[in-house]
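Structural description and commentary
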Amino acid sequence: MTNTDTASHGDTKAGEILRVTGPLVRANGMHEAKLYEVVKVSEEKLLGEIIELHGDEAAIQVYEETAGIGPGDAVYRTGRTMSVALAPGLLESIYDGVQRPLKTLQEVAGDHYIKRGIEASPVDMEKKWKFNPVAKEGDKVQEGDVLGEVQETALIMHKIMVPPGEGGRVASIKNGDFNVTEEIATLKHDDDSVASISMLQYWPIRAARPKHSKIFPTEPLRTGGRSVDTFFPIAKGGAGCIPGPFGAGKTVTQQGIAKFCDAEIIVYIGCGERGNEMTEVLDEFPHLIDPNSGEPLMKRTILIANTSNMPVAAREASVYTGITIAEYYRDMGYNVALMADSTSRWAEAMREISGRLEEMPGEEGYPAYLSSRTAEFYERAGIVKTLGSDGRTGSLTVIGAVSPPGGDLSEPVSQATLRVTKTFWSLDADLAYKKHFPSINWLNSYSLYAQNFEDFWRKEIAEDFVEIRATAMSLLEKESKLLEIVRLVGMESLSNSDRLILEVARMIREDFLFQNAFDKDDAYTPLDRQYGILKSIVTYFEVGQAVVNQAEFEFATFTSVPSFAEVADLKNKLEWTKDDYQTFQEKVRSELTALVGKVA
Amino acid sequence: MSNKEYTDISSIAGPLMVVEGVEGVKYEELVEVNVTGESAPRFGKVLDISKDKAVVQMFAPTTGMTAEGTRARFRGETLKLGVSEDMLGRVFNGVGEVADGGPEIVAEERRDIAGEPINPYSREFPNDFIQTGIGSIDVMNTLVRGQKLPIFSGAGLPHSRLAAQIARQASVKDGSDFAIVFATLGVSFEEAEYFRREFEEAGALERSVLFINTAADPVVERVSTPRMALTTAEYLAFEKGKHVLVILTDMTNYCEALREVSSARKEVPGRRGYPGYLYTDLSTIYERAGRIKGKQGTITQIPILTMPDDDKTHPVPDLTGYITEGQFVISRELYRKGVFPPVDVQGSLSRLWSAGVGEGKTRDDHSALKDQLFASYATGREVRELAVVLGEASLDDTDRAHLKFADEFEREFVGQGEFENRSVEESLDIGWKLLAMLPQTSLKRVKKEQIEQYMPKS
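Everything numeric here is computed off the predicted structure, so don't read it as measured data. (Residues numbered from 1 in each chain as written. Chains lettered and ligands numbered in written order. Predicted model: local features only at pLDDT ≥ 70, side-chain atom pairs only at ≥ 80, totals over all residues. Heavy atoms only, no water.)

1. Brief notes about the overall build of chain A
Short version of the rule: Think of it this way: any DSSP run of H or I at least four residues long counts as a helix, any run of E at least two long counts as a strand, and we number them from the N terminus. Each radius of gyration is computed over the set of C-alpha atoms, and the globule rule expresses the reference value as 2.2 Å times the number of residues to the power 0.38. A simple rule labels every residue: compare its accessible area, found with a 1.4 Å probe on the protein chains alone, to the largest value its type can have, and call it buried under 20%, exposed over 50%, or partly exposed in between.
When you go through chain A residue by residue, the secondary structure sums to 17 helices and 26 strands. At 28 Å, chain A has a C-alpha radius of gyration in line with the 25 Å of a compact globule built from 600 residues. Overall, chain A is about 95 × 55 × 40 Å in size when its C-alpha atoms are taken along their principal axes. Looking at chain A as a whole, 61% of its 600 residues are labelled buried.

As structure tokens, then:
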């Protein structure tokens, strides 16, 4: 954000307010102002942003409550567009939608309510960080090159990069403890002018940070969620969406991914959601241990909390604030995962502002630019070759929750989102009602990345992973058809082979897909164990199918073999290795094959 | 602050009035309107302010107002409510005026009724179990202090009686009582009177504050009534250290009032004519619940709403469900069967249940027992449907046991009656007693040791 920076410029009084309606203010005297410039409104210095310009007149969306503001009040220009501050100290922070740290807001206000007009610096400007130079005096550097490193948390080495648009020869570089505004290096340009570099940079939130090029994603983000990783995976650098009615478990699913996925940095945006939910994350993350690194999760996390009752314009900005920070860490070469909960609230904020601007509405009152803004946002995801001469790659995975009214996906926000995301986790109210969690519907959901991962799966997990997965999915498909028949004519009419399909599909649902997010052991299953469990279930089907056609059976004999009951327990075998699963699969094989002999 | 009176009223339409030629007026400012021949002023607030024109939303009806001779005075402040601990035991109307014939309240403090958002960083996560004395809530969908959990009901269902039962019985382990802030929004006189008497008879009136807006009162009043109630609650909770239970009934009427104002302003409507900002507006009510670090008091909210045509996807229940931490759903089916309280156990949800249960809060077996009761009841209901299609003869013994379990569960566990106040331990024990009807092999969610310890031996 702009605070400290603008203070040094001094704000200039530009015009006067003409009209106030809710979060929207119109003011005159703005002929020199830029679109998306940050302004301060009234003597209370409320933070605002210019979103429309007509000659001398500007429409300003105000990020704070506007009660008590009226025509004739002054408007101050800052000369800067809406930007975020990027520097060591971002991690472990909790911000509002315009990057004001909520902890500082509480300290400055001395109150548990969010007061207006408080300025708070996004990162600690005084704190000294140990800066270790990587570049040497005389090196020729270009934009994106790493000048030095700072150990930001136990987990993350913060790379201080040459800002986009900069470059030249390193004229001087320091080593030691500095705060973020102190000079750590100088660059000499070709024309002999010198640029001073500090650890603090700004970047406008509405523009994507530059990269060298995008790369085709081929590696999955591992989340430990069985239905996500095996059935509907998302790529590192992919875009996915979780639509679902309330109570279907969007937040629990997203938090599960945020907790356990193998990204190095998590940006979690609570956009127009519940205050208590953000508190839960704040309470929980410092105590939860990251399964991939053994450190508390908070050390890799940045939270943006703009709850539903906080100003609506700041909610609109919050997703941009979050994604810009996420891109900054991507540029250092990290895998970043961003969760936005919920993008519907972001869209509603756009609708509210648009309505007050008296724009011509599109579908359901949403502005006509809803789908282009949505597409722009998700397109900022990706795995990229970053700027800089060392050819680093970094990825940004974006997962957005969508809250369709009444769970009806035909509404504009869901539709705009589905067009630009490639993984779709369809949360199902019926499954939630039956307490099947995660309530990801296995028939409607899809992942267009799955094909990209086939090589990865074969190489990293098992040669037959792809086939096992395909068999399991087709069994669920067949189950839904068979269940319709059962509903009409009863179970007796089915052949043994069909009943075997039903039985195995039930195992897949109850013993594989069902996962208890509140059980600390069950909440995370690594991919190789997921494969072990699923392969065991599919073995039961494949061997059973071969047996079932050889002789006349009472179907109950199939379910009476000892290994049958053990399937339900497979997910609790935390210590099992590949060999243990193979032993179990052998057991299934021999027990079922033995049945043929007994009956014949 | 301006003491100037404006008389140039250019239009009065519905709840809106437009005043011309104004100067120095601020957004959301309180407006005092004097109508010729009336002694008491009517009030309104500024909704839209341009250079010389103010759109005012009236809190009182505009009936009888004239464009000529009506005088508007802008008060230089937003709408405030004088709050005091003496409000306990008193009854107010929908705009916060004394309505029980008693003396005026001497305000200890005057507060803006719009409230301010609580800093998420300053919040403390709710984790104290509230015992409502109702098994289907305490065991299955546990309520915790600082939660907002609405009751989704329908026309003709006994949500008032359920709310009254909760208000009567709610207590916490440390024995402290709740103060109750109760607001009616556009309900019938009988319903409002029912609550008043209930509180009186239960001896709860002296720890309650009532705001009564009935269907006969002006629609626009309703927009501020819940905010008056919550302003009072915040004062009692965070200044006076009380645990406050806020009950608001019926939120559907509130939303309709909001729709009326929106349509008078000719705003672009969202779904079903409700304004596009309905979600944001509702959140400024529901989010005023919770706990705050370093404060002793808490606010727990139970808003009640009726779903038009029992439709959960209607904008009012839909948007409410997205903000609140779960919902209690009242089941028409159970009510018809004569089960009281008719809580739809499966359709209800408390998102914060896990924060309120377990050793030291309720009992160590609570979570597992709850899961088992859910699973067994779900199976029982599936069997019931199957029996309808295929006949009871097609059921095996396990199925029949589950069918019987589902019936007994509804009759004995859920249908405890309006005046039985069960401790959570009693409710848990009844759960175990019912599970004893089922074969032990089908009890997969509870551990063997728990069965040993808690299940009554037959």
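2. Describing the domain arrangement of chain A
Residue and element names in this part refer to chain A. Worth spelling out the cut-off: Each domain's extent was defined by an automatic or database domain assignment. A contact between two residues is defined here by any heavy atoms of the two lying within 4.5 Å. Once two parts are joined, some of their accessible surface, as seen by a 1.4 Å probe, is lost; buried area is that loss totalled over both.
For chain A, the assigned domains read domain 1 (12–81), domain 2 (129–199), domain 3 (213–444) and domain 4 (465–593). Computed over C-alpha atoms only, the centres of domain 1 and domain 3 are separated by 31 Å. In this complex, domain 1 contributes 15 residues to the contact, which on the side of domain 3 involves 12 residues. Carbon and sulfur atoms supply 60% of the area buried between domain 1 and domain 3, which totals about 970 Å² over both sides.

3. Quick notes on the packing of helix α4 (residues 221–239) of chain B against helix α6 (residues 278–286) of chain B
All names here are of chain B. To keep it simple, the criterion reads: Note on method: axes are straight lines fitted to C-alpha atoms, helices fitted across the in-contact stretch only, with angles between N-to-C directions ranging 0 to 180 degrees. Roughly parallel here means an angle under 35 degrees, roughly antiparallel means over 145, roughly perpendicular means 65 to 115, and every remaining angle is called oblique. Polarity classes work like this: nonpolar for Ala, Val, Leu, Ile, Met, Phe, Trp, Tyr, Cys and Pro, charged for Asp, Glu, Lys and Arg, and polar for all others, with Gly in that last group.
Axis separation between α4 and α6 bottoms out at 9 Å; the angle between their running directions is 30 degrees. The pairing of α4 with α6 is recorded here as roughly parallel in orientation. Along the contact surface, α4 presents Pro 226, Arg 227 and Leu 230, while α6 presents Asp 281, Thr 284 and Ile 285. Classifying every residue of the contact of α4 with α6 by side-chain character gives three nonpolar, one polar and two charged.

4. Regarding the environment of A:Leu24
All names here are of chain A. Looking at the element boundaries, Leu 24 is found in strand β2 (residues 24–27). In sequence terms Leu 24 and Gln 61 are 37 residues apart; their C-alpha atoms lie 4.8 Å from each other. Not counting residues within four places of it along the chain, the set of residues in contact with Leu 24 comprises Arg 19, Ile 51, Ala 59, Ile 60, Gln 61, Arg 356 and Leu 357.

5. Focus: the sheet that holds strand β9 (residues 129–133) of chain A
Neighbouring strands of a sheet are bound in pairs by backbone hydrogen bonds; such pairs are parallel or else antiparallel. All names here are of chain A. Quick reminder of the rule: At least two bridges found by DSSP between two strands are what make those strands a pair.
Ordered in space as β12-β11-β9-β14, the four strands form an open sheet in which the pairing is antiparallel. A single partner strand is all that each edge strand has here, and the edge strands are β12 (157–161) and β14 (176–178). Here the average twist between neighbouring strands, direction ignored, is 40 degrees. Where β9 lies against strand β11 (residues 146–151), two bridges are found, and the strand directions are antiparallel. Its bridge partner lying in β11, Pro 133 is registered against Gly 148.

6. Focus on the packing of helix α4 (residues 250–260) of chain A against helix α5 (residues 275–284) of chain A
All names here are of chain A. Note the threshold: Handedness of a crossing follows from how the near helix is turned relative to the far one, being left-handed for an anticlockwise turn of less than a right angle and right-handed for a clockwise one.
The N-to-C vectors of α4 and α5 enclose an angle of 25 degrees; their axes lie 13 Å apart at closest approach. In terms of orientation, α4 lies roughly parallel with respect to α5. Like other packed secondary-structure pairs, α4 and α5 cross with a definite hand, here right-handed. When α4 is examined against α5, the residues Thr 251, Gln 255 and Lys 259 are found in contact with a partner set consisting of Glu 277, Glu 280, Val 281 and Glu 284. Looking at side-chain class alone, the contact of α4 with α5 contains one nonpolar, two polar and four charged residues.

7. A word on the pairing of strand β4 (residues 30–34) of chain B
All names here are of chain B. Summarising burial for β4: five of the five residues are buried, a large majority. The sheet contact formed by β4 and strand β7 (residues 71–74) spans four bridges and is antiparallel. Counterpart to Val 31 in the pairing with β7 is Phe 74.

8. A few points about helix α9 (residues 412–420) of chain A
Three or more residues of α9(A) are buried, namely A:Pro412, A:Val413, A:Ser414, A:Ala416, A:Thr417 and A:Leu418. Elements that come into contact with the buried residues of α9(A) comprise β19 (239–243), α7 (343–356), α8 (370–379), β24 (393–402), β25 (423–424) and β26 (446–447) of chain A.

9. Some words on the nonpolar core
Keep this limit in mind: Here, nonpolar core means buried Ala, Val, Leu, Ile, Met, Phe, Trp, Tyr and Cys residues that are tied together by side-chain atoms lying within 4.5 Å of each other.
A:Tyr329, A:Leu338, A:Ile508, A:Tyr540 and A:Phe558 are the most contacted members of the largest nonpolar core, which totals 168 residues. No other element matches the 11 residues that helix α14 (residues 527–548) of chain A contributes to this core. For A:Tyr329, the contacting residues outside a window of four places in its chain are A:Leu90, A:Leu91, A:Glu152, A:Ile156, A:His158, A:Ile265, A:Ile302, A:Tyr334 and A:Val336. Listed in part, the 53 residues of the second largest apolar core include B:Leu88, B:Ala179, B:Cys255 and B:Tyr279.

10. Digging into empty space enclosed by the protein
To keep things clear, this is the line we draw: Cavities and pockets are defined on a 1 Å grid built over the protein atoms alone: a cavity is a set of grid points where a 1.4 Å probe fits but cannot escape, while a pocket is an open set with protein on both sides within 12 Å along at least five of seven lines, and lining residues are those with an atom within 4 Å of any such point. Grid points are joined across faces, edges and corners, and a volume is the space filled by probe spheres set on the points.
This model, assessed by the stated rule, comprises six cavities of 30 Å³ or more. Of the volumes computed, that of the largest cavity is approximately 160 Å³. Lining the largest cavity we find 15 residues, and of these A:Glu348, A:Arg351, A:Pro405, B:Arg271 and B:Leu319 sit closest to its centre. Elements supplying a minimum of two residues to the lining of the largest cavity: α7 of chain A together with α6 and α7 (315–323) of chain B. Of the residues forming the lining of the largest cavity, the biggest block, three residues, is contributed by α7(B). Partitioned by chemical class, the residues of the lining of the largest cavity number eight nonpolar, two polar and five charged. Considering the residues around the second largest cavity, the lining is formed by A:Phe246, A:Gly247, A:Ala248, A:Gly249, A:Lys250, A:Thr251, A:Glu273, A:Arg274, B:Tyr322 and B:Arg351. For the lining of the second largest cavity, the residue count by class is three nonpolar, three polar and four charged.

11. Brief notes about the interface of chain B and chain A
Here is the rule: By definition here, a salt bridge exists when the distance from a side-chain nitrogen of Lys or Arg to a carboxyl oxygen of Asp or Glu is within 4 Å. The definition of a polar contact used here is a pair of N or O atoms within 3.5 Å, where within protein one atom must be able to donate a hydrogen and the other to accept one, and adjacent residues in sequence count solely through side-chain atom pairs.
Between chain B and chain A, the residue contacts involve 61 residues of the former and 65 residues of the latter. Interface area lost by chain B to chain A is led by B:Tyr27, B:Tyr121 and B:Tyr322, which between them contribute 15%. Viewed at the interface, chain A and chain B are joined by four salt bridges. A salt bridge links A:Lys115 to B:Glu116; the shortest N-O distance between them is 3.1 Å. Between the two partners, chain B and chain A, sit 27 residue pairs in polar contact (both at pLDDT 80 or more). The greatest single-element share of the side of chain B that touches chain A, amounting to five residues, is contributed by α7(B). Looking at the side of chain B that touches chain A residue by residue, the classes come out as 24 nonpolar, 18 polar and 19 charged.

12. Let's talk about the sheet that holds strand β10 (residues 140–142) of chain A
Residues and elements named next belong to chain A. The antiparallel open sheet is built from four strands, whose spatial order is β10-β13-β15-β16. Both outer strands of the open sheet, β10 and β16 (194–198), are each paired with one neighbouring strand and no more. When the angles between neighbouring strand axes are averaged without regard to direction, this sheet yields 45 degrees. The pairing of strand β13 (residues 167–173) with strand β15 (residues 183–188) spans four bridges and is classified as antiparallel. In the sheet register, Ile 173 faces β15, and the bridge partner there is Ala 185.

13. Focus on a nonpolar patch on the surface
Our working definition: Exposure above 30% relative accessible area and the lack of any salt bridge qualify a residue for a patch; like charges then connect within 9 Å, and the nonpolar side chains Val, Leu, Ile, Met, Phe, Trp and Tyr within 5 Å. Computed with a 1.4 Å probe, the accessible areas rest on the Shrake-Rupley method; for each residue, only the protein chains presented here act as cover.
A surface patch of nonpolar side chains, about 360 Å² in accessible area, is lined by B:Leu386, B:Val388, B:Val389 and B:Leu390. Take B:Val388: it is sitting in helix α10 (residues 366–390).

14. Considerations on the state of the cysteines
Residue and element names in this part refer to chain A. Convention followed: The criterion for a disulfide is a pair of cysteine sulfur atoms lying within 2.5 Å.
If you walk through the whole model with that rule in mind, you get zero disulfides over all chains. Free of any disulfide, Cys 241 has its nearest neighbouring cysteine sulfur in Cys 271, separated by 15 Å. Cys 241 gets classed as buried once you look at its relative accessible area, which sits at 1%. The exposure class of Cys 271 is buried, given its relative accessible area of 0%.

15. Looking at the confidence of the model for chain A
Here is the rule: The quantity known as pLDDT measures the predictor's confidence residue by residue, on a range of 0 to 100.
Chain-level pLDDT for chain A is 91 on average; 98% of the residues reach the 70-or-more range. This model gives residues 1–9 of chain A a pLDDT under 50, and the stretch forms 29 contacts once residues within four places in sequence are excluded.

16. Here we look at the pattern of salt bridges
Per the counting criterion, the structure on display carries 78 salt bridges over all chains. When the shortest N-O distance is used, the salt bridge between A:Asp390 and A:Arg392 registers 3.2 Å. According to the relative accessible area criterion, A:Arg392 is buried, its value standing at 10%. A salt bridge links B:Glu5 to B:Arg71, with the nearest nitrogen and oxygen atoms 3.7 Å apart. Highlighted residues: B:Glu5 in strand β1 (residues 5–6) and B:Arg71 in strand β7, separated in sequence by 66 residues. Given the relative accessible area of 29%, B:Glu5 is considered partly exposed. Relative accessible area serves as the criterion here: at 29%, B:Arg71 is assigned to the partly exposed category. When salt bridges with common partners are traced through the structure, they connect A:Glu273, A:Arg274, A:Glu277, A:Arg345 and A:Glu348 into a single cluster.

17. Regarding unusual backbone geometry
At the junction of B:Thr249 and B:Asp250, the peptide bond is cis and its omega measures out at 5 degrees in the coordinates. If you trace the backbone, B:Asp250 turns up in the loop between β17 (243–249) and α5 (251–264). Put simply, B:Phe340 and B:Pro341 share a cis peptide bond, and its omega is -10 degrees. Here B:Pro341 lies in the loop between α8 (332–336) and β21 (349–350). For A:Tyr36, which is not glycine, the phi dihedral falls at a positive 65 degrees. Turning to its location among the elements, A:Tyr36 is positioned in the loop between β2 and β3 (37–41).

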